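# Examination of the molecular architecture
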Amino acid sequence: MIVRGTVRPSAYHDSAALMRVQQALRGFPGIEEAGVVMATPANLDLLRQAGLDPGNLTASGGGRAAREIGSNDLVVMVRGAGPAEVEAALGAVDELLARRPDIGAPEGSYRPRTVAAAARQLAGANLALISVPGRFAAGVAREALRADLHVMLFSDNVPLEDEVELKRAASGDGRLMMGPDCGTALLSGAALGFANRVRRGAVGLVGASGTGIQEVATLVHRFGGGISHALGTGGRDLSAEVGGTTARQGLAVLGRDPATRVVVIVSKPPASPVAAAVLEEAASLGKPAIVIFTGGASLSSAAGVRQVRTLEDAARLAVASGSGGATMLVDDRPAFDRVVARARDAAGTLAPSQQYLRGLMSGGTLCAEAVELLERTLRPLFTNVAAVQARRHDGAGPSRGHTLLDLGDDLFTVGRLHPMLDMTLRAARLRQEAADPEVAVLLLDVVLGLGVHPDPAGALAPVIADARAAAAASGRRLAIVASVCGTDDDPQHRRRQVARLESVGVFVEESNARAALLAGAIATRTFETDAIAAMLAGGAGGDAAGHRDHARAAAGRRPTAGVAPTAADALLAAPPRVVNVGLGAFAESLREQGVPVIDVEWQPPAGGDAELLELLERLT
C-alpha cells in the first residue's frame, strides 16, 4: 500500500463538501482509505490514527515559497494499492471539489452572494441561519443584523468579544441573537439546525445547550406533551461576560406567548449573578418554570420556579405542569430494578481486570449530565466538560481511568463536521477504547433529527460489532450502553435505530440519565436498587400534589406588566422565513418542512487566505 497526499493552501470548502469528496475518493479503484480535512492539529492527528500521516507535506501557491501547512490549508491524503491508483485519486480532487450537489437550492436557481440581497429576494425574510467557519461568522452575523434579521448562529469558535457585541446590538433592536454555537431551535413548529420532529404543545424551552433542548423536547413528545417553541442561546450565553442576554430575552418572549403554558430552562452551570438574574426573570413570568443546570449548580427557591437534576425529570415535570396532572419522575422503582438487572447480567460476563467506563458523547450537555450523575461514584473520572469533582481531560489525549468525553467540543469541530453528522472521529475513538483491556463499558449517545446523520445507528453498528468481535478474540467481553435521543417521527425513526443498536448487543436505555446510571452500575458492579437511586440524590422527586403546588405558585405571580411586544414576539407568531448561509443540508431540511428559505452563495473574504485577510483588516 502507498500513502500520498496534497495540500491546497488557504482553500475554503465547507465541512459537508469535504466529507462528500472524502467518501468519493474512498470509492475509487484500488483506494483503501482517504482523508480530506482542514489542517487543524486535531484533524492531522486523526489522519495519523487512520494511517494517513501527512508527514512532510508543505503548502505553497500564488508565487509564495513553500511553508509548513497551517489550519487554513486543505489536506488530502489517500492510501491505495499502487502509484497509479493513488495518483488517479489525487488527480480527481479539484474536479470533485468543484462539483456542487445543490442540495440547499432547487436546480438552476439563482443564489445571491450577500445576506442583504437574499433578504430582499425572499419576501418577509426574518431570520438568518449561519453555519460558516467561526473566523468568518461574526462578520456574516453583523450583515444579517444590518438587514433587520434575527440570527441563529450555528457556527462555533467565534471570539467571545464578538458574541458580546453582537448580542448587545441585537437586543437593542429587540432582535434575537441565538448563538454562536446554537445548534437547535424550534420556532412555531419549524425545526432549525439539529432539531427533532415533535408535536406542538404547551412547553416552551430556552436552552444554552442544543442536545439539552433535544433531549427534553423529545422526551416531552414521548411522554405525550408538545413544544410551543425552543429558543437556543449558545453555550456561553449564561457566562459572566455575556450575562444571559439571549436567555433573558427568550424567557420574556415565552412569558408573553399565549401558546406557552410552562417554560423549561436548560444550561450548563451559569455564572452565579447570571443564574440569579435568570431565576428572577423566570419567577416573573406568571407561568410554571423548570430549571436544570447540568453540572450541579443550584438555585435559591422562588415561587413557581423548580429546579431538577436530570433532563428526563425536566421533561416529565413540564408535561405534568403544563397539563395540570402528574407523571412519574425518573426515580421510579421499576426503572431502577431494570437497571440493576441489566447491570448484573452485563457485569457477569466481564473479567475482574475490566473496571473502567469510557464515554464517547456527541452532545456536550448529555456528557455533562452523565458526568454529574457519576462523578461521585466513579473515581478517578476525567472529562473535557465543566464538572465539580471530575478531573480535567484535554479531550485529544488518551483516556485515563474512567473518562467521559464530549466529541462535539470546539477542539474537534474546527474544519470538520460535528460528530452528529460525521461518525469518523467517534468510530476511530470507539475502536481505540474497545482495544483497552481494562475497559468494561462504553457509553454512547445517539442523536436523531433533522440536519444530522441520516442513519447514525447504522453507521455505528458495524464499528461496534467489530470492536466486540476483536475483544472476544482476545478473551474479553465488552458492555456497550446507549441512549437514543429522538422520536419515531424523526427521519431516522427512533424504534428502528434502537433495534439496530440492540442487534449488535447494545443496551439501549430510555434517556441519557438512565443510560449513564446503567453504565456506571456495570463499571462499579452496583447491584442494589437503592444504590442506583442514590446516584440521583438531590434530584426532583414529587407527586401530583407537588406538581399542582408548583403550577399554582407560578399562577399566583403576575407576569411583568407594561412591556411592549418586540420584534422577537413577531418572530414566534408564525414559522420563520429563512436566509441560509453555510450548510446546504440545513436549507434542504427547512424546504422539506415547507419553510420558505433562500441560500446565499457565500465565499470567505479574500478566498480565506489568512495573509490577505490580515492585510485587509489592517487597511480597513
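Each residue is numbered by its place in its chain's sequence as written, counting from 1. Selection of residues for local features in this predicted model requires a pLDDT of at least 70, selection of side-chain atom pairs for listing and counting requires 80 or more, and totals for whole chains, interfaces and linings are taken over all residues. The side-chain figures draw on all heavy atoms in the structure; neither hydrogens nor water molecules are used.

Right, let's get into the packing of aromatic side chains. Classification of ring pairs rests on two measures: the distance between centres of Phe, Tyr or Trp rings, Trp counted by its six-membered ring, which must be within 6.5 Å, and the angle between planes, read as stacked under 30 degrees, edge-to-face over 60 and tilted in between. This structure, assessed with the given rule, holds 4 aromatic pairs. Centroid distance phenylalanine 154 to phenylalanine 194: 5.1 Å. Interplanar angle 90 degrees. Geometry classified as edge-to-face. Pair noted here: phenylalanine 154 is in the loop between strand 7 (150–153) and helix 7 (160–172) and phenylalanine 194 is in the loop between strand 10 (190–193) and strand 11 (200–207), with a separation of 40 residues, a long-range link. When accessible area is computed with a 1.4 Å probe and restricted to protein chains, residues below 20% of their type maximum are described as buried, those above 50% as exposed, and intermediate ones as partly exposed. What makes phenylalanine 154 buried here is its relative accessible area of 16%. Accessibility expressed as a relative area gives 3% for phenylalanine 194, which makes it buried. Judged by centre distance (5.9 Å) and plane angle (80 degrees), the ring pair of phenylalanine 194 and phenylalanine 586 falls under edge-to-face. Residue phenylalanine 194 is located in the loop between strand 10 and strand 11, and its partner phenylalanine 586 is located in helix 22 (residues 584–592); the two are separated by 392 residues in the primary sequence. Secondary structure counts use DSSP, requiring at least four H or I residues in a row for a helix and at least two E residues in a row for a strand, with both numbered from the N terminus.

With that settled, consider the pattern of salt bridges. For salt bridges, the criterion is a side-chain nitrogen of Lys or Arg within 4 Å of an Asp or Glu carboxyl oxygen. This structure, assessed with the given rule, holds 24 salt bridges. Measuring nitrogen to oxygen at the nearest pair gives 2.8 Å for the salt bridge that ties glutamate 163 to arginine 236. With glutamate 163 in helix 7 and arginine 236 in the loop between strand 12 (227–232) and helix 9 (245–256), this residue pair connects regions lying 73 residues apart in the sequence. When its relative accessible area of 31% is taken as the criterion, arginine 236 is described as partly exposed.

Expected span of a helix: the number of residues minus one, times 1.5 Å. Helix length check: helix 18 (residues 512–524) (13 residues) gives 18 Å between terminal C-alpha atoms against 18 Å at 1.5 Å per residue, within 8%. Counting buried positions over the 13 residues of helix 18 gives 12, a clear majority of the element. Asn512, Ala513, Arg514, Ala515, Ala516, Leu517, Leu518, Ala519, Gly520, Ala521, Ile522 and Ala523 are the residues of helix 18 that are buried. After helix 18 finishes, the residue arginine 525 shows a positive phi value of roughly 55 degrees.

Right, let's talk about the pairing of strand 9 (residues 184–187) for a bit. Side chains of strand 9 alternate between two faces, with Thr184 and Leu186 and Ala185 and Leu187 buried alike. In this description, strands pair whenever DSSP reports at least two bridges between them. For strand 9 and strand 10, the ladder comprises 4 bridges, and the chain directions are antiparallel. Bridge pairing in strand 10 places alanine 185 opposite leucine 192. Following strand 9, the chain reverses through 2 residues before pairing antiparallel with strand 10; serine 188 in that reversal takes a positive phi of roughly 50 degrees. Here 2 bridges tie strand 9 to strand 12, and the two strands are oriented antiparallel to one another. The residue of strand 12 that forms the bridge with leucine 186 is alanine 230.

Another aspect to go through is the sheet that holds strand 10. Read from one edge to the other, the open sheet built from 7 strands follows the order 10-9-12-11-13-14-15, with strand pairing classed as mixed. Single-partner strands in this sheet number two, and they are strand 10 and strand 15 (305–307). The mean inter-strand angle of the sheet, taken between neighbouring strand axes irrespective of direction, is 25 degrees. Taken together, the 5 bridges between strand 13 (residues 262–267) and strand 14 (residues 289–293) define a ladder with parallel strand orientation. Opposite valine 264, over in strand 14, you have isoleucine 290 as the bridge partner. Fitted lines through C-alpha atoms give the axes, limited to the stretch in contact for helices. The angle between two N-to-C directions lies from 0 to 180 degrees.

With that out of the way, let us pick up the pairing of strand 19 (residues 402–406). Of all 5 residues making up strand 19, 5 are buried, and the element is well covered by its neighbours. Side chains of strand 19 alternate between two faces, with His402, Leu404 and Asp406 and Thr403 and Leu405 buried alike. Sheet topology note: the strand 16 (residues 356–361)/strand 19 ladder contains 4 bridges and is parallel. Each bridged residue has a counterpart across the sheet, and for methionine 361 the counterpart in strand 19 is aspartate 406. In this structure, strand 17 (residues 381–383) lies alongside strand 19, joined through 3 bridges in parallel fashion. For leucine 381, the partnering residue across the bridge sits in strand 19 and is histidine 402.

The share of residues in the protein with pLDDT of 70 or more is 86%, and the mean pLDDT across the chain is 86. Within the model, pLDDT remains below 50 along residues 325–331, and this stretch shows 26 contacts once partners closer than five positions in the same chain are excluded. Segment residues 538–548 is flagged for pLDDT under 50; beyond a separation of four residues in sequence, or across chains, it makes 23 contacts in the model. For every residue, the predictor assigns a confidence score, pLDDT, that lies between 0 and 100. Throughout, a contact is declared for two residues whenever any of their heavy atoms are within 4.5 Å.

What follows deals with the sheet that holds strand 20 (residues 439–447). As summarised here, the arrangement of the 7 strands in space is 18-17-19-16-20-21-22, forming an open sheet in which the pairing is parallel. A single partner strand is all that each edge strand has here, and the edge strands are strand 18 (391–392) and strand 22 (507–509). Docked against the sheet, helix 13 (residues 364–374) engages strand 16, strand 17, strand 19 and strand 20, running at close to 155 degrees with respect to strand 19. Here helix 16 (residues 456–473) sits on the sheet and contacts strand 20 and strand 21 (479–485); the angle it forms with strand 20, its principal contact strand, is near 170 degrees.

This part is about the nonpolar core. A general feature of soluble globular proteins is that nonpolar side chains tend to end up buried together. Within the largest apolar cluster, 112 residues are counted, with the highest numbers of intra-cluster contacts made by Leu192, Val216, Ile227, Val264, Leu404, Leu443 and Ile522. No other element matches the 9 residues that helix 18 contributes to this core. The contacts of isoleucine 522, once residues within four sequence positions are left out, are Ala343, Ala346, Ala347, Leu350, Val441, Ala479 and Val481. Residues Ala427, Ala434, Ala457 and Ala461 belong to the second largest nonpolar core, which totals 31 residues. We call a set of buried residues a nonpolar core when its members are Ala, Val, Leu, Ile, Met, Phe, Trp, Tyr or Cys and they connect through side-chain atoms within 4.5 Å of each other.

Bringing the packing of helix 6 (residues 134–146) against helix 7 into the picture now. Packing of helix 6 against helix 7 brings their axes to within 11 Å, and their N-to-C directions diverge by 5 degrees. As the angle between them shows, helix 6 and helix 7 are arranged roughly parallel. Contacts from Ala138, Ala141, Arg142 and Leu145 of helix 6 reach helix 7 at Asp162, Glu165, Leu166, Ala169 and Ala170. Any residue outside Ala, Val, Leu, Ile, Met, Phe, Trp, Tyr, Cys, Pro, Asp, Glu, Lys and Arg is labelled polar, Gly included; the first ten of those are nonpolar and the last four are charged. When the residues that make up the contact of helix 6 with helix 7 are grouped by side-chain class, the tally is 6 nonpolar, no polar and 3 charged. Here is the rule for angles: anything less than 35 degrees is roughly parallel, anything more than 145 is roughly antiparallel, 65 through 115 is roughly perpendicular, and the remaining ranges are oblique.

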